[in-house]
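Tertiary structure, described
Here's the letter readout for the chains.
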Amino acid sequence: MSEFDSPTGPAASPGSIDWSVLATLAEDVGDRDFVVETVQVYLSELPGRIGAIVEGAERGDAAGVKAAAHSLKSSSGMLGALGLARICRDLEAMSDPADGSTRGAVGMVAALTAEAEGVTADLTRYADGEM
């Protein structure tokens, strides 16, 4: 079982963020301001990363989808956006640069963008000190 399949994931907490992951990160780092800065960088890069996945899926660019999904999967998991990390894991798995296939990636775009919107809203509240 990976951290993206954890029973403490999004199903166990309201919203798009597993707050226990973010709390553990803040505790481990010992500096909430640093974590807030990390969240702000993530949020500033999120639209471009989502855009790269969407465009790659629409163009059938398997290597582009795989690379963008892999990068977003890692950073999302680190910040507790486990639902988004799971979607990225699935996108990464279905994109085969060897044959250029993005098997079903276009069909996952709606779920990807919807989850990213929830993550953005929740992490913005965190960065603004509302969480």
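The structure displayed is predicted, hence computed values, not measured ones.

Turning our attention to the environment of Asp96. Tracing the backbone shows Asp96 in the loop between helix 4 (82-94) and helix 5 (109-127). Residue Asp96 is classed as partly exposed on the basis of its relative accessible area, which comes to 27%. Along the sequence, Asp96 and Ala62 sit 34 residues apart, while their C-alpha atoms lie 5.6 Å from each other. If sequence neighbours within four positions are ignored, Asp96 has contacts with Ala62, Ser101 and Arg103.

With that settled, the discussion passes to the side chain of Ser75. For Ser75, the location among the structural elements is in helix 3 (residues 62-78). Classification of Ser75 as buried rests on a relative accessible area of 16%. Side-chain polar atoms of Ser75 contact the backbone oxygen of Leu72, separated by 3.4 Å. Sequence-distant contacts of Ser75, that is, excluding residues within four places in its chain, are made with Tyr42 and Arg49.

Scanning the model with the defined rule gives six salt bridges in all. For Arg49, the salt bridge goes to Glu45, with nearest N and O atoms at 3.1 Å. Of the two residues, Arg49 and Glu45 are both situated in helix 2 (residues 32-59); the distance of four residues between them amounts to about one turn of the helix. Taking relative accessible area as the criterion, Arg49 reaches 23% and is therefore assigned partly exposed. Here Glu45 falls in the partly exposed class, since its relative accessible area comes to 36%. The closest approach of N and O atoms between Glu92 and Lys73, which form a salt bridge, is 2.8 Å. With a gap of 19 residues between them, Glu92 in helix 4 and Lys73 in helix 3 connect regions that are remote in the sequence.

For the rest of this paragraph, the subject is the nonpolar core. Counting 34 residues, the largest nonpolar core has Val39, Tyr42, Ile53, Leu91 and Leu112 as the members making the most contacts within it. For this core, the secondary-structure elements that each account for two or more residues are helix 1 (19-29), helix 2, helix 3, helix 4 and helix 5. Counting residues per element, this core draws most heavily on helix 2, at 10 residues. Leave out the neighbours within four places in its chain, and Ile53 touches Val65, Ala68, Ala69, Leu72, Cys88, Leu91 and Leu112.

All chains considered together, the criterion is met by one aromatic pair. The ring centre of Tyr126 lies 4.2 Å from the NZ or CZ of Arg32, which sits over that ring.

Another aspect to go through is the confidence of the model for the chain. Averaged over all residues, the pLDDT of the chain equals 86, while 89% of them reach at least 70. Per-element mean pLDDT across the chain ranges from 93 in helix 4 up to 95 in helix 2. Predicted confidence for residues 1-13 stays below pLDDT 50, and this span has 23 contacts to residues more than four positions away or in other chains.

Cut-off values and rules
- For every chain, the first residue of its written sequence is number 1, and the numbers climb from 1 along that sequence.
- At least 70 in pLDDT is required for a residue's local features to be given in this predicted model, at least 80 for side-chain atom pairs to be given and counted, and no such filter applies to totals for whole chains, interfaces and linings, which use all residues.
- For side-chain calculations, the full set of non-hydrogen atoms in the structure is used, while hydrogens and water are omitted.
- Starting at the N terminus, helices and strands are each numbered in turn, a helix being any DSSP run of H or I of at least four residues and a strand any DSSP run of E of at least two.
- Three exposure classes are used, based on accessible area relative to the maximum for each residue type with a 1.4 Å probe and protein chains only: buried under 20%, partly exposed in between, and exposed over 50%.
- Note on contacts: a residue pair qualifies if any of its non-hydrogen atoms lie within 4.5 Å across the two residues.
- Think of a polar contact as two N or O atoms within 3.5 Å of one another; within protein, one of them needs to be a possible hydrogen donor and the other a possible acceptor, and neighboring residues in sequence only count if both atoms come from side chains.
- Definition used for salt bridges: Asp or Glu carboxyl oxygen within 4 Å of a side-chain nitrogen of Lys or Arg.
- The term nonpolar core refers to a set of buried residues drawn from Ala, Val, Leu, Ile, Met, Phe, Trp, Tyr and Cys, joined through side-chain atoms within 4.5 Å.
- Pairing of aromatic rings covers Phe, Tyr and Trp, the last through its six-membered ring, and needs centres within 6.5 Å; plane angles under 30 degrees mean stacked, over 60 mean edge-to-face, and all others mean tilted.
- Geometrically, a lysine NZ or arginine CZ counts as sitting over a ring once it is within 6 Å of the ring centre and also within 35 degrees of the ring normal.
- What pLDDT conveys is the predictor's confidence in a given residue, as a value from 0 to 100.

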